[in-house]
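Chains, contacts and geometry: an overview
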Amino acid sequence: MKVGTCVFTVLMSAIVAHAQNLDWTIGPFTRPATGNPVIAPNAQSQFADPLSHAPVHWEALHTFNPAAIVRDRKVYVLYRAEDNSGTMAIGMHTSRLGIAESADGIHFTRRATPVFYPAEDDQKGREWPGGAEDPRIVELEDGTYVLTYTQWNRTTYSVGIATSKDLEHWNKKGPAFLAAAGGKYADLKYKSAGIVTRVDAEKARLIAARIDGKYWMYWGEGVIRLASSNDAIHWTPVENAKGDPVELLKPRAGHFDSSFPETGPPPVLTDKGIVVLYNGKNAPAGGDPSMGPNAYAAGEALFDAKDPQHLITQTDQPVLKPELPYEKTGQYAAGTTFAEGLVFFHGKWFLYYGCADSLVAVAVAPGPQPPTDVSRGFYLHPEDRVVFYGDSITEQNYYNQWVQLYTVTRFPKMRVHFYNAGVGGDRVNGGWAGPIDQRLPRDVFVDNPTVITIMLGMNDGGYQPTTPEIDSTYRTGYEHILDSIKKNAPDARITLLGPSPFDDVTAPSTFPGGYNAVMQHFADVDRQLAQEHGATFVNLNPATVAAIEKAQALDPRLAKLLLPDRVHPDPPAHWVMTEALLKGWNAPALVTSVSIDAGGARVSASENTSVDALQHAGDTFTWTQNDNGLPLPLLKENATTAMLLDITDIQKALNQEPLIVTDLAPGQYALRIDDRDIGRFSAEELAAGINLADYNTPMRSQAQVVSWDVRDLVEAHYIHSRMRIQNADTGAEAGGADRLQAFEDSMEDKIYAEAAPVPHHFELKPAGAPAAPSGH
């Protein structure tokens, strides 16, 4: 080929690659700056093999080709491990599956022995002495894990299926196609199978997807094909008109998959279609000239969600290829980035791949934006991990607790994790619990935050007029905090909180201008820092001062109770701060909204709820509501809450639950929800709308129970964090499980169970009329 022709060909390839529409792909993938490879061989690991009846160094030679799944807010990787038996050739050692877990998806702790291996069972003949290779894993809707893996006895191979409830104890089901088509595929040699998944918005992780009531699985090496199943265990290949398995992806000359494609991790159903990540082997001749001969790289293909065998498009260039030394050095020296494990975790994609048939590594990509029907424009997203950092005002555990309460009750299907890292006396450079460079790793980064709020300043000002030295120390220290966050939690979203006030309203200022003027000045510094560092800024000071001033006008004695010592807010003032923060985070005011046209006996509008079984008998109406959120449990019958409602607009801003019923006959009507009388209202009041959040409804009672659970959880975390500060043993120090964290996790599970929506039966009837028959 002439040089000019070669240059033209390369140039045209680059133009085509640039022009190719890739908005459907998962990616772009980048390798983390540190941490890779995440799993390497360990020659010291021993295992009492049940077939050889001897101890074996089960992961001595190679650890590679991993499956991955999210469980209990951690990533679990099941990786192929080869022992040092057999001859030194690919496929001639016995493979078993080890398991490792990680709280951040990069740094793993693994078990000392394998969890899946050839044994004295009905699959021994298919798995010994070659072993269990190249796993992929999915989670079904009921929490069952389904594993696909290669059964290899050094003569033949097939895709095996196994199930588990805990990732440790497995039930082998045998070959995927054993019974398909009357045994037609019983002797077929086939490998590499991935079951289609979807991102579950509530669980914020991948779950096996049903399309037209079936599970679907892409499978094969050389050619990628398709199969379907009713139970994800027994599979049947999809056939063409000749009765042969359909061929969906084939080798492409001049591309990274020019030798052949091979199925990668479980595909993902998206709004664009089914995204199939696959591995392509480059041909020694006529392949991708930018890659070495026989190298494996990862690509992507898009299939029609309504017709899983219809290919829409695929990438011309690999999305991940061998580039680093550990990806091109090992038992497969041609190099591999062999993708087998994909998880959606902490809002990002984590792709786990085998390196040169020797190591496990990970690449990371941005995740999809949360569906608007889940977060409704709110700042927090599913599976966010929110750390509140600050001084004693944060340590009080009030405003953070109520942000959590709001989030749980307003978004009960969107799990978010909250942690308090407030310590009394803290300044920007730390305090009694340690200098800032000890505080941040131990108390903030340890929880892998995706959101960090910071409120400091009260102690930094020294309770005196500010000086250039105080200003410089504050700004320099704050910038150090922000730089440390960017280095250690680079993807975390940061919110700087203008500090809560010093009370210069109910008592005379201690010096001209007052100490709250210093807090307001620090808030201006915070605002500027937020702009410089791309953070969000929410000022808690003005709203709290306004509430104190309003309380002072109503009753000076009550106003003093908002900040009794002029520094630390009491609960009503923390609610004011909570409202300010939630407004800054675009928190929706609406709980639910229902409008009923009584004249037409129909639901004219509803929002964040579904209304079913609307019936009427005369002027009596009944219906059932399935709400997607709960109100904040704020009732004016509580004297403290009554004061809060008098000095704020919190009900209007955060707690709207309107019920509107129009075209009723004039008169009074009694509203009953479930077995509870709510109140009597005129037809005019109902037409204008009543806010159910103002009343003691069953929904409010449910939210009250949730609030108690949230209170218990934040108190448990307070004890946990203090034990960490004082180096007390939480159970994790000796390499075991953190028992306190497990307890917190169980409490969080209880909170979301308590907050789960339940249907409610409504009855609206003329006052004095008999109750409608039950069951309407």
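The structure under discussion appears in the preceding block.
Below, the structure is looked at part by part. Predicted model only: the values in this text are computed from it and were never measured. (Residues numbered from 1 in each chain as written. Predicted model: local features only at pLDDT ≥ 70, side-chain atom pairs only at ≥ 80, totals over all residues. Heavy atoms only, no water.)

1. Quick look at the overall build of the protein
The criterion, for reference: Strands here are runs of E lasting at least two residues and helices are runs of H or I lasting at least four, both read from the DSSP assignment and numbered beginning at the N terminus. This radius of gyration counts C-alpha atoms alone. The globule rule is 2.2 Å times how many residues there are, raised to the power 0.38. Per-residue accessibility, obtained with a 1.4 Å probe over protein chains only, is compared with the maximum for each type, and a residue is labelled buried under 20%, exposed over 50%, and partly exposed between these values. By definition in these notes, contact holds between two residues if any of their heavy atoms fall within 4.5 Å. Residue burial considers only the protein chains on display, and all accessible areas are found by Shrake-Rupley using a 1.4 Å probe.
Along the backbone of the protein there are 16 helices and 40 strands. Taken over C-alpha atoms, the radius of gyration comes to 31 Å for the protein, in line with the 28 Å a tight globule of 776 residues would show. Taking the principal axes of its C-alpha atoms as reference, the protein extends roughly 85 × 75 × 65 Å. Put simply, the protein has 776 residues, and 56% of those count as buried. For the protein, the proportion of contacts with a sequence separation of at least 24, taken over those separated by at least 6, is 65%. Total accessible area on the protein is roughly 30700 Å²; 53% of this is exposed by carbon and sulfur atoms.

2. Description of the pattern of salt bridges
Where we set the bar: The term salt bridge refers to a side-chain nitrogen of Lys or Arg lying within 4 Å of a carboxyl oxygen of Asp or Glu.
For the structure shown, the criterion picks out 49 salt bridges. A salt bridge links aspartate 491 to lysine 348, with the shortest nitrogen-to-oxygen separation between them at 2.5 Å. Linking aspartate 491 in the loop between α7 (468-488) and β30 (493-498) with lysine 348 in strand β23 (residues 348-355), this pair joins segments that are 143 residues apart in sequence. The partly exposed category is assigned to lysine 348, whose relative accessible area is 22%. The salt bridge involving aspartate 677 is made with arginine 672; its shortest N-O contact spans 2.7 Å.

3. Observations concerning the layout of surface pockets
Quick note on the threshold: Buriedness for pockets is judged along seven lines, at least five of which must meet protein on both sides within 12 Å for an open set on the 1 Å grid over protein atoms alone, while cavities are sets there where a 1.4 Å probe fits but cannot get out, and lining residues have an atom within 4 Å of a point. Grid points are joined across faces, edges and corners, and a volume is the space filled by probe spheres set on the points. In this count, Pro and Cys sit with the nonpolar residues alongside Ala, Val, Leu, Ile, Met, Phe, Trp and Tyr, while Asp, Glu, Lys and Arg are called charged and the others, Gly among them, polar.
By volume, the second largest pocket amounts to about 400 Å³. Of all the elements, helix α15 (residues 698-725) adds the most residues to the lining of the second largest pocket, at five residues. Residue composition of the lining of the second largest pocket, grouped by class: 11 nonpolar, six polar and two charged.

4. Thoughts on the sheet that holds strand β24 (residues 359-366)
Definition in use: A pair of strands is considered paired only if DSSP assigns at least 2 bridges between the two. Helix axes use the C-alpha atoms of the stretch in contact, all axes being lines fitted to C-alpha atoms, and the angles between their N-to-C directions lie in the range 0 to 180 degrees.
Pairing in this open sheet of three strands is antiparallel, and the strands run β22-β23-β24 from one edge to the other. Every other strand in the sheet has two partners, leaving β22 (337-345) and β24 as the edge strands with one partner each. Averaged over all pairs of adjacent strands, the angle between their axes in this sheet comes to 25 degrees, without regard to strand direction. As paired elements, β22 and β23 share eight bridges and run antiparallel to each other. Each bridged residue has a counterpart across the sheet, and for leucine 342 the counterpart in β23 is leucine 351.

5. Some details on the sheet that holds strand β36 (residues 658-662)
Across the sheet, which stays open at both edges, the four strands sit in the order β33-β32-β36-β39 with mixed pairing between neighbours. Lying at the two open borders of the sheet, with one neighbouring strand each, are β33 (602-607) and β39 (690-691). Looking at chain direction, strand β32 (residues 593-597) and β36 are connected through four bridges and run parallel. Note on β36: the bridge partner recorded for aspartate 597 is threonine 662.

6. Topic: empty space enclosed by the protein
Applying the stated criterion across every chain yields a total of five cavities of 30 Å³ or more. If you go around the largest cavity, you meet 17 residues; those closest to its centre are Phe418, Tyr419, Leu713, His717 and Glu744. Residue classes in the lining of the largest cavity are distributed as six nonpolar, eight polar and three charged. In this model, the second largest cavity occupies a volume close to 80 Å³. Lining the second largest cavity are 13 residues, with Ala68, Ile69, Ile137, Leu206 and Leu342 positioned closest to its centre.

7. Some points on the nonpolar core
Stated formally: What we call a nonpolar core is a set of buried Ala, Val, Leu, Ile, Met, Phe, Trp, Tyr and Cys residues that are connected through their side-chain atoms within 4.5 Å.
Counting 87 residues, the largest nonpolar core has Phe378, Leu380, Ile454, Leu496 and Trp585 as its most contacted members. Dropping the residues within four chain positions of it, phenylalanine 378 is found in contact with Tyr406, Thr407, Phe411, Met414, Leu582, Trp585, Asn586, Ala587 and Pro588. Ranked by size, the runner-up nonpolar core spans 23 residues in total, among them Ala598, Val611, Val661 and Tyr669.

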